[in-house]
Amino acid sequence: MKKSIIYRFTGILVVLLAIMVACTEDIEDVRLDPILSTSEVLDIASDKATVIGFVVAEGDGFTERGICYSTATEPTIDDNKVVYKPGIGGITKATFEVTLKNLNYATTYYAKAYAISDDATIYGKEITFTTLPEVPVVTTAAITEISYTTATGGGEVTDAKGSDVTARGVVWSTSSMPTVSGSKTTDGDGLGTFSSSLSGLSDNTKYYVRAYATNSAGTGYGQEVTFTTLETMERTWWVPGDFVESSYPGSGMTNWSPGNTPIVKSGQAAPDNLEGYVYFANAANWKFATQPNWDGPNYADGGGGTLDDDPGGTNMSSPAGYYFIQADASALTFSALATNWGIIGDATPGGWGGGTPMTYDPELQVWKGSYTFGTGAMKFRSNNSWDDPNPNYGSDAADGTLQRGGENIPVAIAGDYAVTMDLSNPLDYTYSLNTWGLIGEATPGGWTDDTNMTWDPVGGVFTVTLDMTAAEWKFRANDDWGVNFGGSLGALEQDGGNFSISTAGNYTITLDPWTKVATVTMN
């Protein structure tokens, strides 16, 4: 019985082995249909992209594989194609990649993997991608209207290259190939022409300029152009004479020594037209020297307002006074107008109907005075006249600088003011309007509120009498820290150290803001 079972089991195994062998032989003859996949796009640029294909099943084998592409959907090998080339050793892998080149920027493409066998061409699924934009195309305009410190340039954006132009202008430098990381203008956006104003330049300097335009791809530049600013023709003439030492006490200036005398100057806008203010404390004999020595040319009085370059020519002769002197270096003419200065305006004591005089201080070389102002506006006016040639000055920006015929100077707070006008630096005329007070822990207002001082016309000082505690304090102008005095009472300094009251009590304090001398007296 056992032998019978064994025989039967052995027979079954033989049959199973025969079946397995037969199945194995059938599998060796099976070939899957060719299948291809287009998997992804990598490294997209403005003119190229890399596309990856994948052979899922090769069937009987491919004679060629690659990527076909077009700007229209459903591309075939009859459109554009790039054939895949095996790597080193000619080994063909299931995954392959090719790079599509010479593409158009900012353009949508459709791509498929393809493979060719002996009898058919098959395609993977379609994928799409869009190339990146390029930097804009811009041209640089020629530079025009060149002056000492300014010029005009510009350019034209002719092609946005697939992305909106968000900024455009010009860049410049004293070195070649400037970029937007340096000096630049910003002159709108989009396509078209634009104009650019270059400022803050140095005179007699060569500059390199390029137009630029920026989009999402970056910044494109136009061709480089160059220009050279004009050479500064500012002139300085000296005014030597027998008046200098008496008119400028303490200055160290000397008579008839050109380099050590007052000056007149011209600016870049009008290099031939010199001007300046010169004080003659006495009747003066004087000349113009064009150098800080007598090497010439030097100019004397040619009569009728003309200049004579004869070394032995007649000196100019002027009575004592404060003179506005002008000279034309091209026409060789001059004028010397005696001026007396005052203030005028609805903030001033005389209103707009009449000027209030100022006083000239030869040692400080300024016009000054103290006045009770209301709110309103004021100007500085010479010779009580608005008529030419009498100059008047305002301030276009109300910033302490003066311009001839400039805007009215506002006065926002009523009070006693120390007024100063400084015409001693040709073409750089300044003024100040200051109320004065005390501030500090020693004062009633502490470090928060100023205690105002008033003008004493008899003593010629600002003064205040108040109770003070044993603590620190300072002088401050206009309730602001822009102008404040500390340090030594006999030689006050801007931003100087705090003063200290050692004993509490009632004090009278005076201040001369021009000589910067103060007194503190306990009552």
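Scoring rules and cut-offs
- Residues numbered from 1 in each chain as written.
- Predicted model: local features only at pLDDT ≥ 70, side-chain atom pairs only at ≥ 80, totals over all residues.
- Heavy atoms only, no water.
- Phe/Tyr/Trp six-rings, centres within 6.5 Å; stacked < 30°, edge-to-face > 60°.
- Helix = DSSP H or I, 4+ residues; strand = E, 2+ residues; numbered from the N terminus.
- Buried < 20%, exposed > 50% of the residue type's maximum accessible area, 1.4 Å probe, protein only.
- 1 Å grid on protein atoms, 1.4 Å probe; cavity = no way out; pocket = protein on both sides within 12 Å on 5 of 7 lines; lining within 4 Å.
- Points joined across faces, edges and corners; volume = space filled by probe spheres on them.
- Nonpolar A, V, L, I, M, F, W, Y, C, P; charged D, E, K, R; others polar.
- pLDDT = per-residue confidence, 0-100.
- Contact = heavy atoms within 4.5 Å.
- Salt bridge = Lys/Arg side-chain N within 4 Å of Asp/Glu carboxyl O.

## A word on the packing of aromatic side chains
Now for step 1: Taken as a whole, this structure holds 34 aromatic pairs when the rule is applied.
Now for step 2: Measuring from ring centre to ring centre gives 4.7 Å for Y322 and Y360, while their planes differ by 50 degrees; the resulting arrangement is tilted. With Y322 in strand 25 (residues 321-328) and Y360 in strand 29 (residues 359-361), this residue pair connects regions lying 38 residues apart in the sequence. The pair formed by Y322 and Y360 is uniform in burial state, with each residue classed as buried.

## Some words on the layout of surface pockets
Now for step 1: The volume enclosed by the largest pocket comes to roughly 460 Å³.
Now for step 2: Lining the largest pocket are 22 residues, and of these I413, Y417, L433, T435 and N478 lie nearest its centre.
Now for step 3: Elements with a contribution of two residues or more to the lining of the largest pocket: strand 34 (409-411), strand 35 (415-422) and strand 36 (430-434).
Now for step 4: Here the lining of the largest pocket is built from residues that sort into 12 nonpolar, 7 polar and 3 charged.
Now for step 5: Approximately 290 Å³ is the volume found for the second largest pocket.
Now for step 6: Forming the boundary of the second largest pocket are 16 residues, of which T420, S432, N434, P513 and W514 lie nearest the centre.

## Focus: the confidence of the model for the protein
Now for step 1: Scored by pLDDT, the protein comes out at a mean of 91, with 92% of its residues at no less than 70.
Now for step 2: Predicted confidence for residues 1-32 stays below pLDDT 50, and this span has 4 contacts to residues more than four positions away or in other chains.

## Looking at the pattern of salt bridges
It is possible for side chains of opposite charge to pair when their charged atoms get near one another.
Now for step 1: As enumerated under the stated definition, the model contains 6 salt bridges in all.
Now for step 2: Note that D272 and R235 form a salt bridge whose closest N and O atoms lie 2.9 Å from each other. Placement of D272 in the loop between strand 18 (263-265) and strand 19 (273-280) and of R235 in the loop between strand 16 (225-228) and strand 17 (236-238) is noted, with a sequence separation of 37 residues between them.
Now for step 3: A salt bridge links D450 to R476, with the nearest nitrogen and oxygen atoms 2.5 Å apart.

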